[in-house]
Amino acid sequence: MLSTVSPRIADPALRLALVESAARLIAEEGARGLTLRRLAKEVGTSTMAVYTHFGGMDQLRQEVRREGFSRLAEHLDAVVASRDPVFDLGLLGWAYCRNALTNPNLYRVMFMEVTETGGPVIGYDTFETLVKAVDRAAQAGRFSPGDAIERARQVWALSHGTLALQLANLLTIEDALETLSQGAMNLFIGFGDEPLATRRSMKRMRRSLLPKNG
């Protein structure tokens, strides 16, 4: 129960509880599963708390998506650029998956809720991170010249598809990593990278994900 603070006073802990509970309701029951009274009951607060923290249900739904993409951005930003841009791309793909495995409800909402129109699309900056990484590989001579946006979409589709299978319990975590690395190798070679160089980068990526001893 988080109702020790007045619902008329903004509280970060209550705000986060509302966002995460809203994400769970949408992920488990679909968009119609999220109602004002149901959410307030789940969190243990009054309906006024939603208006205090978000202004209304429409704003709450946007904030759930914003929170999901914010966490994705944190995972992507944790990938520090190295001298091997193909290795970095592989890590970005796995960071995408790791975020979803850590925040499965928010992840589902990110791609279940219809995006808003008439303004900037929430989360587009995370896609731009991927576009820049693809372009960096081309600028370094690892990929042949090509459309960085289209190539980024293909990398995104690989990560998202692999993740969807894992979240549906059709792939183990180990299988998902193998599918991601093998699919990435096929894409990167198709983008113009030398097969031997791609294999080296992906092997290094796999090694970097192994638990450190000691």
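Going along each chain's sequence as written, the residues are numbered from 1 onward. In keeping with the predicted nature of the model, local features appear solely for residues at pLDDT of at least 70, side-chain atom pairs appear and are counted solely at 80 or more, and the whole-chain, interface and lining totals rest on all residues. Hydrogen atoms and water are omitted, and side-chain values are computed over all heavy atoms in the structure.

**Regarding the overall build of the protein**
Then, number 1: Only DSSP runs of H or I covering at least 4 residues are called helices, and only runs of E covering at least 2 are called strands; the numbering of each starts at the N terminus. The helix and strand tally for the protein stands at 10 helices and 0 strands.
Then, number 2: Put simply, the protein runs from its N terminus to its C terminus through helices and strands in the order α-α-α-α-α-α-α-α-α-α.
Then, number 3: Residues classed as buried in the protein amount to 47% of the 214 residues present.
Then, number 4: With residues, only the protein chains shown are counted as cover, and all accessible areas are computed by Shrake-Rupley using a 1.4 Å probe. On the protein, roughly 11500 Å² of surface is accessible, and the fraction owed to carbon and sulfur atoms is 54%. To sort residues, take the accessible area from a 1.4 Å probe on protein chains only and compare it with the maximum for the residue type: under 20% means buried, over 50% means exposed, and anything in between is partly exposed.

**A word on the pattern of salt bridges**
Then, number 1: For this analysis, a salt bridge means a side-chain nitrogen from Lys or Arg found within 4 Å of a carboxyl oxygen belonging to Asp or Glu. Within the structure shown, the criterion is met by 14 salt bridges.
Then, number 2: Salt-bridge contacts for Arg66 lead to Glu63; the nearest nitrogen and oxygen are separated by 2.8 Å. Residue Arg66 and its partner Glu63 are both found in helix 4 (residues 57-77); the two are separated by 3 residues, about one turn of the helix.
Then, number 3: Here Glu63 falls in the buried class, since its relative accessible area comes to 16%.
Then, number 4: Put simply, Arg24, Glu28, Glu29, Arg38 and Glu42 are held in one network by salt bridges that share partners.

**What about empty space enclosed by the protein?**
Then, number 1: Only protein atoms enter the calculation, which uses a 1 Å grid: trapped sets of points that fit a 1.4 Å probe without letting it out are cavities, open sets showing protein on both sides within 12 Å along at least five of seven lines are pockets, and any residue with an atom within 4 Å of a point is a lining residue. Grid points are joined across faces, edges and corners, and a volume is the space filled by probe spheres set on the points. Scanning the entire structure with this criterion turns up 2 cavities of 30 Å³ or more.
Then, number 2: Roughly 60 Å³ of volume is contained in the largest cavity.
Then, number 3: Every residue lining the largest cavity is listed: Leu89, Gly90, Gly93, Val155, Leu158, Ser159, Leu180, Ser181, Ala184, Phe188 and Met205.
Then, number 4: A total of 4 residues in the lining of the largest cavity trace back to one element, the largest contributor, which is helix 9 (residues 173-190).

**Observations concerning the confidence of the model for the protein**
Then, number 1: Across the chain, each position has a pLDDT score giving the predictor's confidence in that residue, from 0 to 100. When pLDDT is averaged along the protein, the result is 88; 89% of the residues meet or exceed 70.
Then, number 2: For the protein, the element scoring lowest by mean pLDDT is helix 6 (residues 104-112), at 87; helix 7 (residues 124-139) scores highest, at 95.
Then, number 3: The criterion used for residue contact is that any of the two residues' heavy atoms lie within 4.5 Å. Scored below 50 in pLDDT, residues 1-6 shows 10 contacts in the model against residues more than four places distant or in partner chains.

**Describing the packing of aromatic side chains**
Both the distance between ring centres and the angle between the ring planes are used here to describe each pair of aromatic rings.
Then, number 1: By convention, a stacked pair of Phe, Tyr or Trp rings (six-membered ring in the case of Trp) has centres within 6.5 Å and planes under 30 degrees apart, an edge-to-face pair has planes over 60 apart, and any other such pair is tilted. If you walk through the whole model with that rule in mind, you get 9 aromatic pairs.
Then, number 2: When the centroid spacing of 5.8 Å and the interplanar angle of 85° are considered together, the rings of Tyr96 and Tyr107 count as edge-to-face. Here Tyr107 lies in helix 6 and Tyr96 lies in helix 5 (residues 85-102), a separation of 11 residues in the sequence. Grouping residues by exposure puts Tyr96 and Tyr107 together as buried.

**So, the side chain of Asp193**
Then, number 1: Mapping Asp193 onto the fold places it in the loop between helix 9 and helix 10 (195-208).
Then, number 2: Under the rule applied, a polar contact is a pair of N or O atoms within 3.5 Å (in protein, one hydrogen donor and one hydrogen acceptor; residues adjacent in sequence only if both atoms are side-chain atoms). One polar contact links Asp193 to Arg142, side chain to side chain, over a distance of 2.8 Å.
Then, number 3: Filtering out sequence-adjacent residues up to four positions away, Asp193 remains in contact with Val86, Arg142, Phe143, Phe188 and Thr198.

**Describing the layout of surface pockets**
Then, number 1: Counted as a void, the largest pocket has a volume near 330 Å³.
Then, number 2: In this structure, the largest pocket is lined by 21 residues; those nearest its centre are Phe69, Gly123, Thr126, Phe127 and Trp156.
Then, number 3: Within the residue set of the lining of the largest pocket, elements represented by two or more residues are helix 4, helix 5, helix 6, helix 7 and helix 8 (148-167).
Then, number 4: Here the term charged refers only to Asp, Glu, Lys and Arg, the term nonpolar to Ala, Val, Leu, Ile, Met, Phe, Trp, Tyr, Cys and Pro, and the term polar to all other amino acids, Gly among them. Tallied by class, the residues present in the lining of the largest pocket amount to 14 nonpolar, 6 polar and 1 charged.

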